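Observations on chain architecture
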Amino acid sequence: MIPKFDILNNKSPFSLLRSESLLLFEMFSSIHNNILTGLFACLFFVFGSNAVADKTGQRMELVQTEPEYVRNDNYHEKWFRVLREGINVTRNYLGNYGPLCVYIIGEEEDELQSDDIAKKIITAYCRNRHGEKFDRVSDCLKHNGASLIKRARDGSTEAYLSYVDFLEKPLAELVFINPHGFPMPYLHTRGIHEYVHVFQRAFARTPTWLTEGGAEFLAFYLGDKHDWIDFEESMKDSMRMAQKVKKGEATLIDFEDVEKIENERPHLKKYYRHLAYDAGAWAVAFIIYRSEGRSVKNFTMEFYPKLDEKGWRSAVCQYGGFEDVDVFYKEFTDLLGEPLEKKMELIREIKP
Ligand SMILES: [Zn+2]
């Protein structure tokens, strides 16, 4: 059985991070229940005002350097290994984008009680963000840096990409707090999902469903290639979630801009998981299915650069062979109405 996570709330408890162009914030609340079937998790999302970099100078780039890992060494190494494996698999597949810092901060017993250990982590975090700007570093130590440790000590479980664009060169931060709270084997796919967001940051903006759907689809796809999860089962599960949305209440189109939803139609936020992630993964599968060659690799290599030509609508239409974006949405809605077996046939047509 593949557990899924429902959105129960949409608080933004870290408003400080908002102003720093946090791409998205995917956080599981305290999960101390390790029994999968009894798992009860929340997702929280925070969106930056600058959800996707449009200026090419503010993009991630292919780099030679390895990601920098910062963690508390006394936290069990297996959590670090699993995350690094997921991230490395995705770097190999999509290319090595950066600069990237990965923070893995966790406490299963009392690993973070030592102030020295805490200080080491937040000093590295603030130095990476602010370099030699001492006033900024000192502010960071007191606020954003301290907040990381506080959340970890409080038992919060989080995974998110934070995109720091106030530096000369932007910096991607993947932050994992108490990753032992994520159920296995999904910790592998968290690493994949978050790294896909780093890659996406090298290209022009996409609507929320395409950003999350792309990360989710690739997490399923690459997760299956490495035997961590089952691609077809994960897609089936996503379809089940997508179909929980009450007819007529919301569709994929409503999740083009989740920031807008947050402001204008907050009652639809409850469908964020169902539409942006689950229907989004299917929408990406549909675009790949409709493309020449139906190849996932080709999607990552050819589709993303097209975003910079004339934007995402044109890229979707050109790549998937749709007359216009309305036709795409209409055909996708029609697909959702097909029996599951028919939809799964589409999935099975997708090529490496
Ligand atoms: Zn995501």
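As a starting point, this report considers the structure included with it. (Residues numbered from 1 in each chain as written. Predicted model: local features only at pLDDT ≥ 70, side-chain atom pairs only at ≥ 80, totals over all residues.)

1. As for the environment of I117
Going by this rule: In this description a helix means any DSSP run of H or I spanning at least four residues, a strand means any run of E spanning at least two, and both kinds are numbered starting from the N terminus. Think of it this way: build a C-beta for each residue from its backbone, and any pair within 7 Å is a contact.
Residue placement: I117 occurs in helix α3 (residues 115–130). Here the alpha-carbon distance between I117 and N74, two residues 43 residues apart in the chain, equals 9.0 Å. Beyond its immediate sequence surroundings of up to four residues, I117 is in contact with N72, N74 and L112.

2. Things to note about helix α5 (residues 144–153)
Where we set the bar: Exposed residues have 12 or fewer other C-beta atoms within 10 Å of their own C-beta, buried residues have 20 or more, and residues in between are partly exposed; the C-beta atoms are placed from the backbone. The arc in question is traced by the directions running from the helix axis to the C-beta atoms.
G145, L148, I149, R151 and A152 are the residues of α5 that are buried. Along the axis of α5, the buried residues cluster in a sector spanning 160 degrees; they form a single face. Each element contacted by the buried residues of α5 is listed here: β6 (100–105), α3, α4 (134–142), β7 (157–164) and β8 (171–177). Among the residues trailing α5, G155 stands out with phi positive, at a value near 90 degrees.

3. What about the packing of helix α8 (residues 231–242) against helix α13 (residues 340–348)?
The line we're drawing: With axes taken as lines fitted to C-alpha atoms, and helix axes fitted only over the stretch in contact, angles between N-to-C directions fall between 0 and 180 degrees. Note that the term roughly parallel is reserved for angles under 35 degrees, roughly antiparallel for angles over 145, roughly perpendicular for angles of 65 to 115, and oblique for everything else. Here a crossing is taken to be left-handed if its near helix is turned anticlockwise relative to the far helix by less than a right angle, and right-handed if that turn runs clockwise. Lys, Arg, Asp and Glu make up the charged group, whereas Ala, Val, Leu, Ile, Met, Phe, Trp, Tyr, Cys and Pro make up the nonpolar group; the residues left over, Gly among them, are polar.
Contact pair α8 / α13: the axes reach a minimum separation of 11 Å and the direction vectors enclose 135 degrees. With respect to α13, the axis of α8 lies oblique. Here the hand of the crossing between α8 and α13 comes out right-handed. In this structure, α8 uses E232, M235, K236 and M239 to contact α13, whose residues at the interface are L340, K343, M344 and I347. For the contact of α8 with α13, the residue count by class is five nonpolar, no polar and three charged.

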